[in-house]
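Spelled out, the chains give:
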2 protein chains.
Amino acid sequence: MNVRVGIDIGGTRIDAAAVAEGRDGDHRILLQHAVPTVRGREGIREGLRTAYTQLLERLGTERPVASLGIGVPGIVSGGRVSHAVNLGLDGDPFDLAAEAGALTAVPVRVDNDVKAAAWGAAQWLRATDGAGADVDLALLNVGTGLAAGLVLNGSLRRGARGLAGEIGHLVTDRSGPPCPCGKRGCLELYASGGGLARRWSGSAAQLMVAAADGDAHAQLVREDLVAGLAQAVRILVQATDVEQVVLAGGVVTSTPALQGALLAELRSHGADSGFEQHLAVHERVRWLPEDYPAGSVGAALLPGEG
Amino acid sequence: MNVRVGIDIGGTRIDAAAVAEGRDGDHRILLQHAVPTVRGREGIREGLRTAYTQLLERLGTERPVASLGIGVPGIVSGGRVSHAVNLGLDGDPFDLAAEAGALTAVPVRVDNDVKAAAWGAAQWLRATDGAGADVDLALLNVGTGLAAGLVLNGSLRRGARGLAGEIGHLVTDRSGPPCPCGKRGCLELYASGGGLARRWSGSAAQLMVAAADGDAHAQLVREDLVAGLAQAVRILVQATDVEQVVLAGGVVTSTPALQGALLAELRSHGADSGFEQHLAVHERVRWLPEDYPAGSVGAALLPGEG
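Residues numbered from 1 in each chain as written. Chains lettered and ligands numbered in written order. Predicted model: local features only at pLDDT ≥ 70, side-chain atom pairs only at ≥ 80, totals over all residues. Heavy atoms only, no water.

What should I look at first to understand the overall build of chain A in this one?
Looking only at helices and strands, chain A features 11 helices and 13 strands. With respect to the three principal axes, the spread of C-alpha positions in chain A is 60 × 40 × 35 Å. Classification of the 306 residues of chain A by burial places 58% in the buried group. Taking as baseline every contact in chain A between residues at least 6 positions apart, the subset at least 24 positions apart corresponds to 60%. Taken together, the 27 basic and 34 acidic charged side chains of chain A have centroids lying 4 Å from each other. (Helix = DSSP H or I, 4+ residues; strand = E, 2+ residues; numbered from the N terminus. Buried < 20%, exposed > 50% of the residue type's maximum accessible area, 1.4 Å probe, protein only. Contact = heavy atoms within 4.5 Å. Lys, Arg positive; Asp, Glu negative; His and termini not counted. Charge placed at Lys NZ, Arg CZ, Asp CG, Glu CD.)

Help me out: how do you make sense of the relation of the copies chain A and chain B in this one?
Mapping between the two copies of the chain is achieved by a rotation about an axis and a shift along the axis. Between chain A and chain B, which share one sequence, the superposing operator has a rotation angle of 180° and an axial displacement of 0.0 Å; the RMSD is 0.0 Å. In symmetry terms, the pair is related by a two-fold rotation axis. In this assembly, 100% of the residues forming the interface of chain A have copies in chain B that are likewise at the interface, indicating an isologous arrangement. (Least-squares fit on C-alpha atoms with pLDDT ≥ 70 in both.)

So what exactly am I meant to see when it comes to the domain arrangement of chain A here?
Put simply, an interface is often sized by how much accessible area is lost when its parts join up. Residue and element names in this part refer to chain A. Domain parsing of chain A yields domain 1 (2-119 + 293-300) and domain 2 (131-287). A separation of 26 Å is found between the C-alpha centroids of domain 1 and domain 2. With nine residues of domain 1 in contact, the opposing surface of domain 2 contributes 19 residues. Here domain 1 packs against domain 2, burying approximately 1,000 Å² in sum over the two surfaces, 66% of which is carbon and sulfur. Put simply, domain 1 and domain 2 have one salt bridge between them. The shortest N-O distance in the salt bridge between D111 and R158 comes to 2.6 Å. Contributions of two or more residues to the side of domain 1 that touches domain 2 are made by β8 (108-112) and α3 (113-128). By residue number, the principal contributor to the side of domain 1 that touches domain 2 is α3, which donates five residues. (Domains from an automatic or database assignment. Buried area = accessible area lost by both parts, 1.4 Å probe. Salt bridge = Lys/Arg side-chain N within 4 Å of Asp/Glu carboxyl O.)

Please explain the sheet that holds strand β1 (residues 2-9) of chain A as it appears in this structure.
All names here are of chain A. Overall, mixed pairing links the five strands, which are arranged β3-β2-β1-β4-β8 in an open sheet. Two strands lie at the open edges of the sheet, namely β3 (27-36) and β8, each paired on one side alone. Along the sheet, successive strands turn relative to each other by an average axial angle of 20°, direction set aside. Examined bridge by bridge, β1 and strand β4 (residues 65-72) share six bridges and lie parallel to one another. (Pairing = 2+ DSSP bridges. Axes fitted to C-alpha atoms, helices over the stretch in contact; angles between N-to-C directions.)

What is the right way to read helix α1 (residues 41-59) of chain B from this model?
Counting along an α-helix, one turn takes 3.6 residues, and residues three or four places apart therefore face a common direction. Residue and element names in this part refer to chain B. Here α1 spans 27 Å end to end across 19 residues, near enough to the 27 Å set by a 1.5 Å rise per residue. When α1 is considered as a whole, its buried residues turn out to be G43, I44, G47, L48, T50, A51, Y52, L55 and L59. On its buried face, α1 is in contact with β1 (2-9), β2 (13-21), β3 (27-36), β4 (65-72), β7 (94-95) and α2 (96-101). Just past α1, the residue G60 takes up positive phi, approximately 85°. (Expected span 1.5 Å × (residues − 1).)

How do you make sense of the packing of helix α6 (residues 216-240) of chain B against helix α8 (residues 256-268) of chain B when you look at a structure like this?
What describes two packed helices is the angle between their axes and the distance between those same axes. Residue and element names in this part refer to chain B. Following both chains from N to C, one finds α6 and α8 inclined at 60°, their axes separated by 9 Å at the closest point. Between α6 and α8, the angle falls in the class oblique. Here α6 and α8 pass one another in a crossing that is right-handed. Each of L225, V226, L229, A230, V233 and R234 in α6 lies in contact with α8, whose residues at this interface are L258, A261, L262, E265 and L266. For the contact of α6 with α8, the per-class residue count stands at nine nonpolar, no polar and two charged. (Parallel < 35°, antiparallel > 145°, perpendicular 65-115°, else oblique. Left-handed = near helix turned anticlockwise from the far one by under 90°. Nonpolar A, V, L, I, M, F, W, Y, C, P; charged D, E, K, R; others polar.)

In this structure, what is going on with α8 of chain B? I would like to understand it.
Residue and element names in this part refer to chain B. Given a rise of 1.5 Å per residue, 13 residues ought to cover 18 Å, and the 18 Å separating the end C-alpha atoms of α8 matches this to within 8%. All of the buried residues along α8 are L258, Q259, L262, L263, E265 and L266. Considered in projection along α8, the buried side chains sweep an arc of 160° and stay on one side of the axis. Considering only its buried residues, α8 is in contact with α5 (204-212), α6, β12 (244-248), α7 (250-253) and β13 (285-287). G270 lies just past α8 and shows a positive phi near 65°. (Arc of directions from axis to C-beta.)

Here it is, written out as structure tokens:
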């Protein structure tokens, strides 16, 4: 049994987990530890160090660590991250593998946070759902942004340029509002926590209540949110035919009314179409439990390249 | 060197090819033969028999056939095809593997036609472009309908329900015109040969000329066609990050002006966005040569399940 450590660097928190990996690919979470994120190179460097060393102190010396994996929002290549705007790491790529290498002598792997979380969701399905080594899923992460990660036939799909699953900036309405990315009407504007926050001052749960109570603005925002999430799920299913789509992120996982509305939308879409019946998109949807740390577990168990 | 036969059953023609497969996975097309399609069970059965036996007669007995592969439009499972509306094979699934088994004792494989063509496009890239065993592409087939096939890291992706790449019935405009599938505003209505024929009475080349000459209706149809094709390419790239997108089908491969317009649209889209620059969608586009029989070659060389 190996003990592997994973660290998920998020916009507000750095989550670390120590995971015991069995010989059959099963896993057990031994310990979790979090520290707040401080943006910028120095802040991320220090946060990574603190999270790792404090986790190791709690873990004790009897269980040596076999590897360290890191998930980070941004484009990751060769251990370096770029475009990590939410972490204040603009400009030149930031060499996270080198930073981690200064902390430990064990093998280090770095990958995009949503890809790591998809790998974590695959472990969750294997542990709870009887999924096998050929587990097949998309993790749709509804966070500040909107992005997916793919595990196809048991393999993490990175893609030719490390961008597999980056559907948030597909344009869904060319006459829609401007997106910070420079385009208009991106899916992420409607179907993400950040997009919701620009249009609604409360929580997603409050949105659903207000819409049900007849608030016209809330109804409009709800409609766009549900339609956007449904479109994201359908794009993933129709492009890749993944067996399951696991939705993650507080906006959906903590809002049962939104989950119900999304399933109803998926179920009603093309109810008369034989193709849609065969596609059965709504049957593929799962919700990642709020307390399952897919990001850090996935980072801990990250496979090698290739 | 094995000789393998592939048969691509299309709406108007049944294309057969005999392909010599080398030990290194290289291939050479020995012979091609086509017969017209006659719709319905009896017509398809007889067409399959005629295409296969006439190809074998021309091939001669000195080169025994090692396998037979068949590509067919529709949903294929266990050698049976369903929803093959264009072939007049509605209703109960049609057992093509059994039909083929009555013709020959060699191993038979049956798959969806676009998946077979994607596998054929992978062989084309390997033969002409130096692509390796990990060739990574989506074939976007712009035919009567719009559908894609995926070859990811050298493996044909079928998907959980055999539907990987079926993006034609993603809704791109919920207030758009009704689609025969029962929904509204499907991508296929704008970006396919069938969709074009419903809005324009000439060829795609004539459309491009009329639009350039100022015909307002032609300009509208052109804009929708180009935008729809661009959206299909982007969905494939952003969902899966395939290295290359190979476009096939006469509408695009025989219309250089349309190819130019599509590339310009992809290049201009989000030109100010760092993410789009990294994505570089337009650099991934290739055109399948009109005379390369990807459907029958891919069917001939189809890999086994799994």
